[in-house]
Structures are given as C-alpha cells and as structure tokens.
Amino acid sequence: MTVGSLLAADLVIAVLAAAGWLGGGAASAARRRRLALGLAAFALLATFARAITITTLARAGWWFAAEKILIAAPLSLAAVVVAGPRLLRAPVDIRSVAVPLLFAGYAESSALLVTILHGYPASAGAGLLAVAGVVAATAVSWRALGARPSRMVSRGAVVVAVAALVTGTGLAAVPGAAPAVPHDHRHGDARTVGEPTRRFTLTAGTATVSVSGRDVAAWAFNGQVPGPELTATVGDVLEVTLRNRDIARGVTLHWHGYDVPNSQDGVPGVTQAAVLPGQEFVYRFRADQAGTYWYHTHSVSDLGVRMGLYGVLVVRPAPVTGVDVTVPVHTLAGLPLPAPKTEPVEAGAPVRLRLINTDSTTHRYALAGTPFRVAAIDGSDLQGPTPLVDTAVLIPAGGRYDLVFTAPVTPVALFVDARVVYSTGPMSAATGAWPVLDPLTYGVASPVPWSRFDRAFTLVLDRGLDLHGLLPRYAHTVNGAADPDIPPQVVRHGDIVKFTIANRSLVVHPWHLHGHHVLVLSRNGRPATGSPLWLDSFDVRPGDVWEVAFPADNPGMWANHCHNLAHADAGMTLHLMYA
Amino acid sequence: MRKALVIVTTVLLVAFVLQFAFAAVGAFTKPASEGAYALHSVTGMAVIPVLILLTALFAVLAKAPGRLIGLAILPLGLVVLQALIAMLANASTDAAGASTPVGLTIAGLHALNGIIAVHVVVSVHQAARKLARPAPAGATQVTVREGEPA
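Bear in mind the structure is a predicted one, so any value in this text is a computation, not a measurement.

Draft legend 1. View of the overall build of chain A. Check the secondary structure of chain A and you find eight helices and 31 strands. Expressed as lengths along the three principal axes of its C-alpha atoms, the size of chain A is roughly 90 × 55 × 55 Å. In chain A, which comprises 579 residues, the share counted as buried stands at 51%. Of the contacts formed within chain A by residues at least 6 apart in sequence, a portion of 76% connects residues at least 24 apart.

Shown next as structure tokens:
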C-alpha cells in the first residue's frame, strides 16, 4: 500500500469512527439499545484501526502523521477511555451512555477536522480549538439530553471550553512570519549579453482560434495558439519584445526551464511589473543551454496559460539534422492540442520528438512502432539512456522529454492519453497497458557531485484553511502557510541547497523552481540509481517524499511553486532569495 | 423563535435545492473544468454549513426536543462527509490524472450522500413546522419536555 493511499484510507477510517460514535450516541439517546451497542463496537474497532494507520504513516515520515499523533491520538484515547468502560459495564438504561458516546464522536470529528482544515504542522492553537469544540459540544448535548450535569461539572466545562477557545484563537490568529517579498530588479539588470542575433516580437491579445474545427475564444501570442515557436542555436543572443494589445490583467514571459538571469524571468511583482495593454517589455538572454523549453505568461498564470498564452522555445546545439518535431500538448477550452500530424519519414532518418506538457496536470505519452531512447528530460541530456520498447512516459505539468529513434520502414505513432498526436503513417496500437518509465532508474549513474549541503529546506505540501486574506479560503499550503504568507527561503551565492519535499495532500503537485535545475537525490527514501536527473518540473505524488539539491548559482529572487497553476494561485507559491 | 426556526429550515431547504441545480450547472458547463463547480463548492462549503449551524442554534433557542436538535445538526456531519467524498473521488485517479472505476464509485457516493442529506433537511423542516403549529392542549405534554413553555 502506498503512503498516498494510506493517507486516504486513514481519512476514511477516521470518518467511520466518528460516524460510529456519533451514531451510537444518537441511538442510545433514542433508547435503541442493540443499535447503540453495535455502532459503538464498530466505532471502537475503527478507532483501533486508526491507531494502525497513524503508526504506519508516522513510520513513513513525521510530516504525514504529526497532527494525528499530537492531536487526534490523545482525543481518540480520551474517546476510548470515556466511552469504553461505560459500554463494558452494560448499563441498564442505555440512555446513560449517550453522552460518553457523543463525547467520543465529537473527539473523533474534531480530530478529523484538524487534519482536513489545518494539517501540517500540528499547532497548539488547532489542538486547543479542537478541545474547545469537543467540550462545548459535549456540554450542549448533556443539557439537551435532559440529564443535566452537576453545577460544578457544568461550570468546569464552560471554563475549559472558553479558555481553550480564547487561547486557541489567539494562537491561531497570531500573524505568522509573513515578510513581504522584496521587489528586486537589481540582479542581472546590467548584465550585457551582447548584440541580439535572433529577434522576435510576441504580441499578446484576445483572439478566436480554430481547434478541431471549432472556434474558441483564446488569449494568444501573435494570434496563434500555441504562440510562435522560438528557436535558437547555442551562441545566439535572443531578443524577444513582448507587447500587450488587450490582455487587461497583464502579461509577462517566463522561460520555463530555461535558467535566465533573474531580471529576465518574467514573474510579475518579483522580477518585473506585469506588461499592461499598450506597454512592452524586452527580454534579452544568451542561448547557451541547449534543450527543449517553453515560454508562458506568469501574470494571472493559471487563466493566462489555460487560455493559450504559451509557446515553445528550442535551443539546438547545432543546425537541425534529421527530423526534429516539437509536440506541445495543451488543453484549450477542453479541446486537446496540437492537432494530429502525419508526415512520412524516410527510413533510417534520425528523429527527435520534443514532448512538452503545457497543461496543469500530468499526461501519458506512448511511442509505438519503434524502440526509442529518452535523450533528455527538462532540457538536460541523460547519461547512457538505453533503448525502450512498448514503454510509456509520464510527463509532469511543465515537463519536457526528448525521445529519439531511427525511423523504421514501418509507421511510428505517438499517443498522448491514447490519442494519436504524431505519426509517420497509418497505425494503431493499444498502449494503455504499457509499463511506465521510472526516470530515477533509467540510464547510467554518476556520483552526486557534493558531499555536504550548506542549506536544507523541507517543504510539506498540504491543504488548509487560510484566514489571512480578506475572505477565508481552502488553500494549497506549504508548511501550513499559503502565499503570500510563506517565509522565503534564503540562500547565499555558492551554497549547495537541499530540498526535501513531502506531499501529504491527496493530489499531485508538480514542483517547479525558477532559475535553477535540481538534481534528484532520492524518492521515498530510495536513492536515484539512474542517470543524473537535472529537473525543473517533477511530480510529487500524494505520499511522496523527494530529496533534490542544487547549487545556488543564479542570484536573484525566484518563484518556487506548484506548476498545477490553479494550486499556485490558491497559495502554493513561495520564493527563494539570495542573501 | 419557532417561526424563525421554520424560516431558517425553509431557507436551508432552498439552499439544498439550489445546490443540486449548481451541481447540474457544473456537470453541463462546456468546456468541462474545475471552475464550473465554483458555485457548487461555495454553497456546499460556506453557505450550507452556516445555515445548518443557524438551524441548530434556532432549534436550541426554540427549546425544540433533543431529537430535533440532533436531527438539525446531523446535516453538518453529512456535509463534511460530502466534501471529503468529493476530495477522495478527485484523488482516486490514475497516474495521468484520468478517472478510475474506484474514483467514479466514490463519486457516486457523493450523489447518494446528497440525497440522504436533503431527506434529513426535509425531516427537520417538517418537524420545525409541526413544532410551530399551535398544539392541541392534550398533546403538548407528549412532545414538550418538562419545564418548558408549551
């Protein structure tokens, strides 16, 4: 059982336990003796089962179990201690166990709410609020059930509930460390990159584009989705002029995966101001990193990219030889892009398919009809890639894989989520059952180039209630906080920095650090044994723990966020800054 | 207070009816997207829980019998469960993010739980109306506990 499914199972068991106790309490209040005893026994069983899931989660990593051990476990224990003995004594009047059973139900429910609404890290504030809720609900039930508690118990309950409520609210409302992200244009501004040799102009504007025969309202660069393909050869200097015709919420260009100087990174409010209608911004950088990249707006990025403000950036080491195809996969207004393309390729020709995922969710790519190698991931060449046959690859949101093969005599087809996107002739294949490549075990290993790390950061990904904005929201959080309240990670130029990223939520988070590529050290405690993987986009699945590291060699203020852009908008964005 | 209880349960019932309509809005919005369920999410996670808490509060203030108070608070548990089922259903996808039979089965529970919740709310509404009706003199003792004004 994976840690991800264990997290889900634990939630389900917690719900069953809470429902069992509450149901048992209600049944005993209604003097349904057999039902009450049955439900209570079931709840007791579920509570014990939860002890097992919590222990297993704690062994997988403290992050997954912290609040369950510190808050849920004591509350569950209280539930069992209060309700258990009463049941064993088999009371004459079943109604007398209603309050203990309801207490157990409230304890389990509030522990569950702590996990759902608060999560990691466990805090005294959340624990006290949970206690306040349990005591208050129990006191109210006690009164409502007629058998009023003695005055002392009553007053004691009120005092405990109020004290816990006040302290808990106080602790929860204390503003966390929320330093504003400094607006910083210093880094790299004055860097001279030489006279441009490749000039492009991208004009962003609303447009109507045709997708699979349907007219779709889009936001487009130069009236097309995807935008123009920008190509360069190593040694070029790129100059891209961005103009905004009528995108009211502003646009920028972020060079996804391409490690530009900070001033060219295109993050509004951090490295530049958003380009508003009528304005322009000129990006200039050296083409010195060969590989497959893409560009997209980083202003209202979720909506902007979804509406079509993206395109391909390819830097080639030398002029093209053989067949070189880019496949930027996107979903525009629910319709899949690009349109399927068929072109005959001469047998024996070398083919490179540059697969790009510009959506916010993972896509599955399967190349049928030929053995192939994965030559590069996220723009970095792999070491010693071996030929693969009938194997699918999963590309995270924002990620790129370069597949290479020699064209066979027979047709070849590339399937994306079972849809043919590129082929060299008519062919069909069932690729659904193919195994998926694990890049961590693919290719030839090299030792990790560093023996120690100067900085280590842990990022625990979760969901939680964020009350710091104008309206409360159910945010996607990092270490219990949501943007803009996540403290920036501070590094020094030259540091070797290690990230440990743990996902305790139920959804995939494709992680993306700007301005750097990270070397994968391990996933879920197992070291990477394949080719060194220098990634800029990687899927941290539910229950996953990734360890990655990188040299801090590109000074500036960098966004570090989930590339499911809806999640980034909902709080899952922080910044890495150089001291 | 009993009139107020009837009113707030009526509003809650209307919110539930709208909630079903908003689910349909989400299901039939083209192109399909998570955003299509924004109304459904806000109603389910903010409006309805607040209305349920109000209902329970008014039930207590109206000195309704414990059974009715319990019945009034029950939908809150079902609504939390409802959000959890939605989360689990969305989480039960394959590696490429496509639905799985397990995920769709869980999604089915979301609909069933919704039906159960609306039935509970209907019962609360009916009980509240019964409570507000001036009871015949002989029947008061049956439904009202001692020490409370009939």
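Now that the structure has been shown, the text picks up again.
Draft legend 2. Quick peek at the interface of chain B and chain A. Contact residues are listed per partner, giving 20 residues for chain B and 23 residues for chain A. For the side of chain B that touches chain A, the element with the most residues is helix 3 (residues 66-91) of chain B, which contributes 10 residues. The class makeup of the residues in the side of chain B that touches chain A is 12 nonpolar, five polar and three charged.

Draft legend 3. Fine view of the environment of A:Val374. Residues and elements named next belong to chain A. Tracing the chain through its elements places Val374 in strand 14 (residues 373-377). Of the residues examined, Val374 has 22 C-beta atoms within 10 Å and is grouped as buried. The sequence separation of Val374 and Gln489 amounts to 115 residues, and the corresponding C-alpha distance is 33 Å. Ignoring sequence-local partners within four residues, the contact set of Val374 consists of Leu382, Pro385, Val393, Tyr401, Leu403, Leu437 and Tyr442.

Draft legend 4. Seen up close, helix 1 (residues 3-29) of chain A. All names here are of chain A. The terminal C-alpha atoms of helix 1 lie 39 Å apart, and with 27 residues this matches the ideal 39 Å at 1.5 Å per residue to within 8%. By the criterion of burial, helix 1 is predominantly enclosed, with 21 of the 27 residues buried. Two residues or fewer after helix 1 comes Arg31, characterised by a positive phi angle close to 60 degrees.

Draft legend 5. Expanded view of the pairing of strand 13 (residues 363-368) of chain A. Residue and element names in this part refer to chain A. Burial of strand 13 is extensive: six of the six residues sit out of reach of the surface. Of the two faces of strand 13, the one carrying His363, Tyr365 and Leu367 and the one carrying Arg364, Ala366 and Ala368 are both buried. Direction of pairing for strand 13 relative to strand 16 (residues 392-395): antiparallel, over a ladder of four bridges. What sits directly across from Ala366, in strand 16, is Ala392. As defined by bridge partners, strand 13 adjoins strand 18 (residues 413-416) across four bridges and the pair is classed as antiparallel. Following the sheet pairing, Ala366 is matched in strand 18 by Phe415.

Rules behind the numbers
- Residues numbered from 1 in each chain as written.
- Chains lettered and ligands numbered in written order.
- Predicted model: local features only at pLDDT ≥ 70, side-chain atom pairs only at ≥ 80, totals over all residues.
- Helix = DSSP H or I, 4+ residues; strand = E, 2+ residues; numbered from the N terminus.
- Buried ≥ 20, exposed ≤ 12 C-beta atoms within 10 Å, placed from the backbone.
- Contact = placed C-beta atoms within 7 Å.
- Nonpolar A, V, L, I, M, F, W, Y, C, P; charged D, E, K, R; others polar.
- Expected span 1.5 Å × (residues − 1).
- Pairing = 2+ DSSP bridges.

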